Amino acid sequence: MNAYPIPVGEPNSAYAQYFTGRSWLASISNEQVSMANVTFEPDCINHWHIHHATRGGGQMLICVGGRGYAQTEGQEPVDKTEYAKLK
């Protein structure tokens, strides 16, 4: 049983080229703003890639668990936050 209120989804095979490790993708909404939940297995790495947009930006990330790193191209990754585990 999934205690997490957002669906984990199906294996993210369509975007597997951007990851080392497994991830799962679940569409949440396609109204006004497209939203999806991406779940990563421990130690999964999300490689550099771009989200193009015709207007207003390309991607918003909302992290709900785990540890996140941010990196500016050409610089070392920075440990941003260790997120609280959902209960």
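Everything below is about the structure shown above.
Since the model is a prediction, treat every value here as computed from it, not as a measurement.

Undergrad: Please provide a residue-by-residue account of the side chain of asparagine 37, values included.
TA: Tracing the backbone through its elements, the reader meets asparagine 37 in strand S4 (residues 35–40). Residue classification places asparagine 37 among the buried positions, given a relative accessible area of 10%. Within polar-contact distance, the side chain of asparagine 37 engages the backbone oxygen of proline 7 at 2.9 Å.

Undergrad: Give me the pairing of strand S3 (residues 23–29): which residues, what numbers.
TA: Relative to S3, strand S1 (residues 10–11) is paired through two bridges, and the arrangement is antiparallel. Pairing of proline 11 across the sheet is with tryptophan 24, part of S3. Taking the residues between adjacent antiparallel strands as the criterion, S3 and S4 are bridged by five residues, where glutamine 32 takes a positive phi near 55°.

Undergrad: I'd love a proper account of the pattern of salt bridges, names of residues and values included.
TA: Under the counting rule described, the total for this entry stands at one salt bridge. Here glutamate 41 makes a salt bridge to arginine 22, at a shortest N to O gap of 3.1 Å. Taken as a pair, glutamate 41 in the loop between S4 and strand S5 (45–46) and arginine 22 in the loop between strand S2 (19–20) and S3 lie far apart in primary sequence, 19 residues in all. Since its relative accessible area comes to 53%, arginine 22 is described here as exposed.

Scoring rules and cut-offs
Residues numbered from 1 in each chain as written. Predicted model: local features only at pLDDT ≥ 70, side-chain atom pairs only at ≥ 80, totals over all residues. Heavy atoms only, no water. Helix = DSSP H or I, 4+ residues; strand = E, 2+ residues; numbered from the N terminus. Buried < 20%, exposed > 50% of the residue type's maximum accessible area, 1.4 Å probe, protein only. Polar contact = N/O pair within 3.5 Å; in protein donor to acceptor, adjacent residues only side chain to side chain. Pairing = 2+ DSSP bridges. Salt bridge = Lys/Arg side-chain N within 4 Å of Asp/Glu carboxyl O.

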